[in-house]
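# Working through the structure, step by step
In case you want the letters, here they are:
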Amino acid sequence: MSKFPELNEQMDLIARGVEEIIPETDLEKKIEKSITENKPMKIKLGCDPSRPDLHFGHSLVLNKLSHFQSLGHQAVLVIGDFTAMIGDPTGRNKTRPQLSMEEAKENSQSYIDQAGVILDKKSLKIVYNSDWLSGLSFNDIINISSKYTVAQMIERDDFTKRYKEGLPIALHEFMYPLAQGYDSVVLKSDVELGGTDQKFNLLVGRHLQKVSNQNPQVIITTPLLEGTDGINKMSKSYDNYIGITENANDMYGKILSIPDDLMATYYENLANLSKDELDGVKKELTQNPRDLKRQLARMVVEIYHDKDEAVKAEESFDKLFIKKDVPDEMPECTITSNVKVIDLITDNALVGSRGDAKRLIKQGAVSIDGNKISDINFEVSKSESYQILKIGKRKFIKIV
């Protein structure tokens, strides 16, 4: 007797929240074969560790990989430490900076740790594409390159745009989709996952498998999640992101900041609801958006933290923004002489960089005991009692 759920049950979960399945009939055939042979499909997700941190935008495809894990299939996370040195040209109007192998390795460990919040790490297979790509000879590279034409490559939207505008396209950028596609040949993957912006790369893998006499992989794409601004896709570059490993208070507050018209999307992609539960929420959205947004924030915080943390985050938010109070608990720092406020902010890791601290001070987002600070050279003096330094809306530190 097969250990896998029936076809319809698998398809219902796999199809939930995805943009495209290419082609769906092939996926059904692969699932039926898996059930008949009682053998898991091999599900590939490639990630280039160009940045060391993950946000909710990454969680959509990670959640889909976890769905396959729950159905009993083999999830394979491909760390693109070699392809990261090439640089993914997706969505770029200029050549992406290349990473060193050391940078890629360092970022990849952070990626794995954070992805483990969503994935079952016990059953997850993790591989590095440097293991096979770095060993290819020039003959191998010529052979792989011969499988794809320049005309096919230039069909890619970002290459087409740059070509028409006379912007340079380096030859090594053509190698990126070929290298990613060759990963699929090496792994003999049955399914490959990716965001909609990765569709071209995923199809190259399908093509290379086909010309290598393999049963080509099925492509499943997930939508790109809009950020908290409701305009751009979620990205650190746009400062509209919610980090997977952010503390419960910040996560809760950022979810409450999203526009109401994003709530249906966030419920569908982040809250792990069944289809019936999701349909019920969508019916209520126009009638009770405030309470449903608070419910959404609690649900998501509970997924990435736990129920107690979600309740505490809501209580903390209410205290700060409804009762206009300061939290009962906050980090402390001790000063023994006058200290520049910008040094206090950066030395206590309250922002990502010194530049961020300067920007927040100039914007009037920093205050001490309720008094806004606008001078980046302002010095905090020793005091007989403690002082409260506030940065933005949710960050506090007690100066002792």
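The rules behind these values
Residues numbered from 1 in each chain as written. Predicted model: local features only at pLDDT ≥ 70, side-chain atom pairs only at ≥ 80, totals over all residues. Heavy atoms only, no water. Helix = DSSP H or I, 4+ residues; strand = E, 2+ residues; numbered from the N terminus. Buried < 20%, exposed > 50% of the residue type's maximum accessible area, 1.4 Å probe, protein only. Contact = heavy atoms within 4.5 Å. Areas by Shrake-Rupley, 256 points an atom, 1.4 Å probe, with all protein chains shown as cover. Pairing = 2+ DSSP bridges. Axes fitted to C-alpha atoms, helices over the stretch in contact; angles between N-to-C directions. Expected span 1.5 Å × (residues − 1). Patch = residues over 30% accessible without salt bridge, like charges linked within 9 Å, V, L, I, M, F, W, Y side chains within 5 Å. Salt bridge = Lys/Arg side-chain N within 4 Å of Asp/Glu carboxyl O. Lys, Arg positive; Asp, Glu negative; His and termini not counted. Charge placed at Lys NZ, Arg CZ, Asp CG, Glu CD. Parallel < 35°, antiparallel > 145°, perpendicular 65-115°, else oblique. Left-handed = near helix turned anticlockwise from the far one by under 90°. Nonpolar A, V, L, I, M, F, W, Y, C, P; charged D, E, K, R; others polar. Core = buried A, V, L, I, M, F, W, Y, C linked by side-chain atoms within 4.5 Å. Phe/Tyr/Trp six-rings, centres within 6.5 Å; stacked < 30°, edge-to-face > 60°. Lys NZ or Arg CZ within 6 Å of the ring centre and 35° of its normal. Arc of directions from axis to C-beta. Right-handed = clockwise from strand over helix to strand, strands pointing away.

## Focus: the overall build of the protein
When helices and strands are tallied, the protein shows 17 helices and 13 strands. Every one of the 400 residues in the protein was classed for burial, and the buried ones make up 46%. A sequence separation of at least 24 residues applies to 71% of the contacts in the protein between residues at least 6 apart. For the protein, the accessible area works out to roughly 20,500 Å², and carbon and sulfur atoms hold 48% of it.

## Description of the sheet that holds strand 5 (residues 191-195)
Two orientations exist for strands paired in a sheet by backbone hydrogen bonds: parallel and antiparallel. A sheet is described by the order of its strands in space; here six strands give the open sequence 1-6-5-2-3-4, paired in mixed fashion. Whereas interior strands pair on both sides, the edge strands pair on one side only; in this sheet they are strand 1 (20-22) and strand 4 (125-128). Across the sheet, the axes of successive neighbouring strands diverge by a mean angle of 25°, strand direction being ignored. With five bridges joining them, strand 5 and strand 6 (residues 218-222) adopt parallel strand pairing. Counted as the bridge partner of glutamate 192 is isoleucine 219 from strand 6. Packing against the sheet, helix 3 (residues 56-70) makes contact with strand 2 (42-47), strand 3 (74-79), strand 5 and strand 6, and its axis sits at approximately 155° to strand 5. Each of strand 2, strand 3 and strand 4 touches helix 4 (residues 101-115); the most contacted strand, strand 4, lies at about 170° to it.

## Notes on helix 9 (residues 171-187)
The α-helix winds at 3.6 residues per turn, so residues separated by three or four positions along the chain end up facing the same way. In this model, helix 9 (17 residues) spans 25 Å end to end at C-alpha, consistent with the 24 Å of a helix rising 1.5 Å per residue. With twelve of 17 residues buried, helix 9 is to be regarded as a mostly interior element. Within two residues after helix 9, lysine 188 carries a phi angle of roughly 55°, on the positive side.

## Describing a negative patch on the surface
A cluster of acidic residues, Glu302, Asp306, Asp308 and Glu309, forms a negative patch at the surface. Within the element layout of this structure, aspartate 306 appears in the loop between helix 14 (289-304) and helix 15 (307-322).

## Points about the packing of helix 12 (residues 263-270) against helix 13 (residues 275-284)
At a closest axis distance of 10 Å, the pairing of helix 12 and helix 13 adopts a crossing angle of 165°. Taken together, the axes of helix 12 and helix 13 lie roughly antiparallel to each other. For the crossing formed where helix 12 meets helix 13, the hand is right-handed. Residues Ala264, Tyr267 and Glu268 of helix 12 form the contact with helix 13, whose own contacting residues are Leu278, Val281 and Lys282. Taken together, the residues of the contact of helix 12 with helix 13 sort by class into four nonpolar, no polar and two charged.

## What about the nonpolar core?
Core analysis: the largest hydrophobic core is formed by 65 residues, its most contacted members being Leu27, Phe56, Val191, Leu193, Ile220, Tyr266 and Tyr267. Among all residues touching tyrosine 266, those that are not within four sequence positions of it are Leu225, Glu226, Gly227, Thr228, Met234, Ile242, Ile258, Ala271 and Leu296.

## Digging into the packing of aromatic side chains
Each aromatic ring pair is characterised by the separation of its centres together with the angle its planes make. Within the structure shown, the criterion is met by four aromatic pairs. Directly above the aromatic system of phenylalanine 159 lies the positively charged group of arginine 156, at a separation of 5.3 Å from the ring centroid. Over the face of the ring belonging to tyrosine 241 we find lysine 254, whose NZ or CZ atom lies 4.5 Å from the ring centre.

## Some details on the pairing of strand 12 (residues 387-391)
Two faces, one strand: in a regular strand the side chains alternate between the faces of the sheet. In terms of burial, strand 12 is a largely internal element, four of the five residues being buried. Pairing of strand 9 (residues 366-368) with strand 12 involves three bridges; the strand directions are antiparallel. When the sheet's bridge partners are listed, valine 366 is paired in strand 12 with isoleucine 391. Here five bridges tie strand 12 to strand 13 (residues 395-399), and the two strands are oriented antiparallel to one another. Pairing of lysine 390 across the sheet is with phenylalanine 396, part of strand 13. Hairpin connection between strand 12 and strand 13: a loop of three residues separates the two successive antiparallel strands, and glycine 392 in this loop has a positive phi of roughly 65°.

## Details of the sheet that holds strand 7 (residues 332-333)
Pairing is mixed in the open sheet, where five strands are placed in the order 7-13-12-9-10. Looking at strand neighbours, the two that pair on one side only are strand 7 and strand 10 (371-372), the edges of this open sheet.

## With respect to the pattern of salt bridges
Applying the stated criterion across every chain, the model contains 18 salt bridges. Of the charged contacts, one joins glutamate 246 and lysine 254 as a salt bridge, the two residues approaching to 2.8 Å between their closest N and O atoms. Lysine 254 carries the same exposure label as glutamate 246, and that label is buried. In this structure, glutamate 314 and arginine 298 form a salt bridge, with 2.8 Å as the shortest nitrogen-oxygen distance.

## Focus: helix 8 (residues 157-164)
Inspection of helix 8 places Asp158, Phe159 and Arg162 among the buried residues, and these make up the whole buried set. Along the axis of helix 8, the buried positions cluster into a sector of 100°, meaning they face one direction only. Exposed and facing more than 90 degrees away from the buried side of helix 8 are Asp157, Lys161, Tyr163 and Lys164. Contacts made by the buried residues of helix 8 are with helix 7 (150-154) and helix 9. Just downstream of helix 8, glycine 166 is the residue with a positive phi angle, here 75°.

## Thoughts on the pairing of strand 6
Most of strand 6 is tucked away, with five of its five residues classed as buried. Side chains Val218, Ile220 and Thr222 of strand 6 all project onto a buried face; the interleaved residues Ile219 and Thr221 project onto the opposite face, where all are buried too. Relative to strand 6, strand 1 runs antiparallel, the two being bridged by three bridges. In the strand pairing of strand 6, isoleucine 21 is matched with isoleucine 220. In terms of handedness, the path from strand 5 via helix 10 (residues 199-211) over to strand 6 forms a crossover that is right-handed.

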